[in-house]
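# Architecture and fold: a report
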Amino acid sequence: MKLRKFIDKKQEGEYEIIKNHIVEIQIDREVIRDFCLNVFIVGDDPEYDFTKYGILTDEEGEPDYIIVNTFLNAIDERKAESDEEIDPSDYEEIQKLAEYRGYNLLMDS
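The rules behind the values
- Every residue gets a number counted from 1 within its own chain, in the order that chain's sequence is written.
- In keeping with the predicted nature of the model, local features appear solely for residues at pLDDT of at least 70, side-chain atom pairs appear and are counted solely at 80 or more, and the whole-chain, interface and lining totals rest on all residues.
- Side-chain metrics in this entry use all non-hydrogen atoms of the structure; hydrogen atoms and water are not considered.
- Only DSSP runs of H or I with at least four residues qualify as helices, and only runs of E with at least two residues qualify as strands; both kinds are numbered from the N terminus onward.
- Only heavy atoms matter for contacts: two residues are in contact if any of them lie within 4.5 Å across the pair.
- Axis geometry follows a simple rule: fit a line to the C-alpha atoms, using only the stretch in contact for helices, then measure angles between N-to-C directions, giving values from 0 to 180 degrees.
- Roughly parallel refers to an angle under 35 degrees, roughly antiparallel to one over 145, roughly perpendicular to one between 65 and 115, and oblique to any angle outside these ranges.
- The salt bridge criterion pairs a side-chain nitrogen of Lys or Arg with a carboxyl oxygen of Asp or Glu, the two atoms within 4 Å.
- The rule is simple: take the accessible area with a 1.4 Å probe, protein chains only, and divide by the maximum for that residue type; under 20% is buried, over 50% is exposed, in between is partly exposed.
- Only the six-membered ring of Trp is used, alongside the rings of Phe and Tyr, when aromatic pairs are assigned; centres must lie within 6.5 Å, and planes under 30 degrees apart are stacked while those over 60 apart are edge-to-face, with the rest tilted.
- Two limits define a charge over a ring: the Lys NZ or Arg CZ must be within 6 Å of the ring centre, and within 35 degrees of the ring normal.
- Side-chain atoms alone can form a polar contact between residues adjacent in sequence; in general such a contact is a pair of N or O atoms within 3.5 Å, and within protein one must be able to donate a hydrogen while the other accepts it.
- Working definition of a nonpolar core: buried Ala, Val, Leu, Ile, Met, Phe, Trp, Tyr and Cys residues. They are joined through side-chain atoms within 4.5 Å.

### Quick notes on the side chain of Thr57
When you line up the elements, Thr57 lands in strand 3 (residues 55–57). Apart from residues no more than four positions distant in its own chain, Thr57 is found in contact with Val42, Gly43, Pro46, Glu62, Pro63 and Asp64.

Dropping the structure here:
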């Protein structure tokens, strides 16, 4: 999957040039998807999902775009507040994103 970080935007004549830093990451898409759908239960209120968890869903309620920083903060908050155990292997897989705070995860890539 790919991560993207906004770098710079400038106007040159009639063209707008946007620079992004794109990184390819090896992470299990299904772990991220299942976490979004089964732990955070996204899809019913897209605005809440985006502001609280950093998850933007598509028309079918599937995770499409994730703000890594907000997503990881929500996971840590959930882990601290909840008595439910988060599967350690899933948590470890998601923590691969920790070094990419400030990036956005593109689920369709």
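### Description of the packing of helix 2 (residues 46–53) against helix 3 (residues 68–81)
Following both chains from N to C, one finds helix 2 and helix 3 inclined at 85°, their axes separated by 7 Å at the closest point. With respect to each other, helix 2 and helix 3 are oriented roughly perpendicular. Taken together, the residues of helix 3 that come into contact with helix 2 (itself represented by Thr51, Lys52 and Tyr53) are Thr70, Phe71, Ala74, Glu77 and Arg78.

### What to know about the pattern of salt bridges
Enumeration according to the criterion identifies 8 salt bridges in this entry. A salt bridge links Lys9 to Glu16, with the nearest nitrogen and oxygen atoms 3.9 Å apart. The class for Lys9 is partly exposed, based on a relative accessible area of 48%. By relative accessible area, which is 46% here, Glu16 ends up partly exposed. One salt bridge connects Arg33 with Glu30, and the closest N-O pair in it is separated by 3.9 Å. Here the residue Arg33 and the residue Glu30 both occupy positions in helix 1 (residues 29–39), the gap between them amounting to 3 residues, near one helical turn. Of the residues examined, Arg33 reaches a relative accessible area of 21% and is grouped as partly exposed. Salt bridges linked by common partners bring Glu30, Arg33, Asp34 and Glu62 together as one network.

### Observations concerning the packing of aromatic side chains
All chains considered together, the criterion is met by 6 aromatic pairs. Between Phe35 and Phe40, the aromatic rings sit 5.4 Å apart at their centres with planes inclined by 85°, giving edge-to-face as the arrangement. Members of the aromatic cluster, connected to one another through ring pairs, are Phe35, Phe40, Tyr48, Tyr53 and Phe71. If you follow Lys79 out to its NZ or CZ, it ends over the ring of Tyr91, 3.8 Å from the centre.

### Digging into helix 1
Along an α-helix, residues three or four positions apart point the same way, because every turn accommodates 3.6 residues. For helix 1, the full list of buried residues reads Val31, Ile32, Phe35, Cys36 and Leu37. On its buried face, helix 1 is in contact with strand 3, strand 4 (63–67), helix 3, helix 4 (88–94) and strand 5 (104–106). You can read the cap of helix 1 off the contacts: a side-chain oxygen lies 3.0 Å from the backbone nitrogen of Glu30, and it is on Asp28. Directly beyond the C-terminal end of helix 1, a positive phi value near 50° is found at Ile41.

### A few points about the nonpolar core
Grouped together as the largest cluster of nonpolar side chains are 28 residues, with contacts concentrated most on Leu3, Ile32, Phe40, Phe71, Leu97 and Leu105. Among the elements of the structure, helix 1, helix 3 and helix 4 are those that each provide at least two residues to this core. When neighbours within four sequence positions are excluded, Leu97 is seen to be in contact with Leu3, Ile25, Ile27, Ile32, Val68, Phe71, Leu72 and Leu105.

### Some points on the environment of Leu97
Following the sequence through the fold, Leu97 ends up in the loop between helix 4 and strand 5. On the basis of relative accessible area, Leu97 is assigned to the buried category, the value being 0%. With 26 residues separating them in the primary sequence, Leu97 and Phe71 have C-alpha atoms 9.6 Å apart.

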